[in-house]
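# Tertiary structure, described
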Amino acid sequence: MSQASRSHTRFLVSAYLLLQVGIPAVQLAAPDPARYGWQMFDAVADADFVLIDDIGPSTIDPRDFVVASRGDLDAASYLPAHLCAVVPETNEVRVLRSADTIPSVFPCAAP
Amino acid sequence: MTGLPWDGRIDACDLAWARIGVGVAALGEGVYATLLFDRATTPGVLRVPVVDWLPAPSSLLVLIMGALWLAAAAGFAVGFRTRTSGTVLAATMAFTLMLDLQFYSNHLYLLALLVVLLTAANAGGYRSFDSGAGRAPHASPVWGVFLLRAQVSIVYVFAALSTVKLAYASEAILAASFRRTGALAIPDGWLTPDLVGALAAASIFVELWLAIALWSPRRRRAATLVGAAYHAALTALAAEGLALAIFGLAMLSAYAAFYVPLPLTASRLELEEGVA
């Protein structure tokens, strides 16, 4: 095997190890639960979603609108804009996370 | 990184067990992924693509992805055109991870990495259709086997470190990770902070010990038994039992890399080649 090929192998092995140690190390400092960090425990954070339209409030089950509930994907960040888009007549979405006492309000833009 | 002859090749027949186990785990994950793909085609369901230019999941895409995944996983498990099936399987898994953030899981990511490493390490050389047909060389690169071992230890070390962090930050998340329904459910009253803390501490200790002990020829058998018991317990007690069963099968299969004896030095390898 040539010297160039040996160097190439060492570079690839080093790069792989650097990525596989570096990414989880960085993710240790990220908010829980972080992806690519090998965190075994990632319970889904509870949040209540209430849609407000001209008639009044209605509570929805967020699981009806996602592919899968994941702890590492904060539905409260992604779902309000989607709910505004797919549930007709919605004026705003209120999200109450289990850790909060005051709901976050996401007004829907006028169509 | 100077003690190993990185470019050397070794007879790694035990890697076949890793290939078979990872292939079976990939088949199980493929069935689950196909259900997720199908769910993603439901009107009104959220899409969170990693990059916007990727196609939205459609019925045709679900069919193609599911068929490719399952065929490649089966081919990989039995060692049929192992390099091709491994490459197709890894590419399908990578594409899945890119298609939507909701498709991510630790076990899918782990499986993708193990399939890449086993394909690169020529894990189809033994106990495979390829070896039966005389298509596959028996030797594996030293670096491939080393990276498989390193990957197992990296997963355990960071799983332990993230549990340390979580135990300090939110014991509630740890408590909520336990199974709450079914015959193996832990009654609410039992999950006291003390018990959750003790289980977290035990999990941290076991993972750190496994990360080190698997490298020791003297402790390897004990580590394999402890690892099997640990993953069985996780599967039984955790809320995400099925996902952790796939994760455990993938990890335990990768232990096979520790049973492939690595040459310590280049001079020793040369000596062995000279004797042969």
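Residues numbered from 1 in each chain as written. Chains lettered and ligands numbered in written order. Predicted model: local features only at pLDDT ≥ 70, side-chain atom pairs only at ≥ 80, totals over all residues.

## What to know about the interface of chain B and chain A
Worth spelling out the cut-off: Two residues qualify as a contact pair if the distance between their C-beta atoms, derived from the backbone, is within 7 Å. Numbering of helices and strands starts at the N terminus; helices are DSSP runs of H or I of at least 4 residues and strands are runs of E of at least 2. Residues are grouped as follows: nonpolar covers Ala, Val, Leu, Ile, Met, Phe, Trp, Tyr, Cys and Pro; charged covers Asp, Glu, Lys and Arg; every other residue, Gly included, is treated as polar.
Each side of the interface is counted separately: chain B has 35 residues, and chain A has 32 residues. Looking at the side of chain B that touches chain A, the elements that each hand over two or more residues are helix 1 (15–40), helix 4 (106–120), helix 6 (142–169) and helix 7 (171–176) of chain B. The leading source of residues in the side of chain B that touches chain A is helix 6 of chain B, at 14 residues. Of the residues contributing to the side of chain B that touches chain A, the split by class is 23 nonpolar, eight polar and four charged.

## Topic: the pairing of strand 4 (residues 104–107) of chain A
Residues and elements named next belong to chain A. Counted only if it meets this: Note on pairing: two strands pair once DSSP finds at least 2 bridges between them.
Pairing between strand 3 (residues 92–97) and strand 4: four bridges, direction antiparallel. Following the sheet pairing, Val95 is matched in strand 4 by Ser104. What sits between the antiparallel neighbours strand 3 and strand 4 is a turn of six residues.

## Some details on the domain arrangement of chain B
The parts lose accessible area when they come together, and the size of an interface is often stated as this lost area. Residues and elements named next belong to chain B. Stated formally: The split into domains, and so the bounds of each, comes from an automatic or database assignment of domains.
Domain parsing of chain B yields domain 1 (11–133) and domain 2 (141–259). Put simply, the middle of domain 1 and the middle of domain 2, counted by C-alpha atoms, are 23 Å apart. In this assembly, 21 residues from domain 1 lie in contact with 18 residues from domain 2. Of all the elements in the fold, those that place two or more residues in the side of domain 1 that touches domain 2 are helix 1 and helix 4. Among the elements that line the side of domain 1 that touches domain 2, the one with the most residues is helix 1, at nine residues. Per-class residue counts for the side of domain 1 that touches domain 2 are 14 nonpolar, five polar and two charged.

## A short note on helix 2 (residues 75–86) of chain A
All names here are of chain A. As a reminder of what qualifies: To estimate how far a helix should extend, the number of its residues minus one is multiplied by 1.5 Å. For the exposure call, what matters is how many other C-beta atoms sit within 10 Å of a residue's own: 20 or more marks it buried, 12 or fewer exposed, and in between partly exposed, using C-beta atoms placed from the backbone. It is the directions from the helix axis to the C-beta atoms whose arc is reported.
A rise of 1.5 Å per residue sets the reference length of helix 2, with its 12 residues, at 16 Å; its end C-alpha atoms lie 15 Å apart and thus fit the reference within 8%. Listed in full, the buried residues belonging to helix 2 are Ala75, Leu79, Pro80 and Leu83. Looking straight down helix 2, one finds its buried side chains confined to an arc of 115°; they lie on one side.

## Some points on the domain arrangement of chain A
Taken domain by domain, chain A comprises domain 1 (1–39) and domain 2 (47–107). Of note, the centres of domain 1 of chain A and domain 2 of chain A, computed from C-alpha atoms alone, are 37 Å apart.

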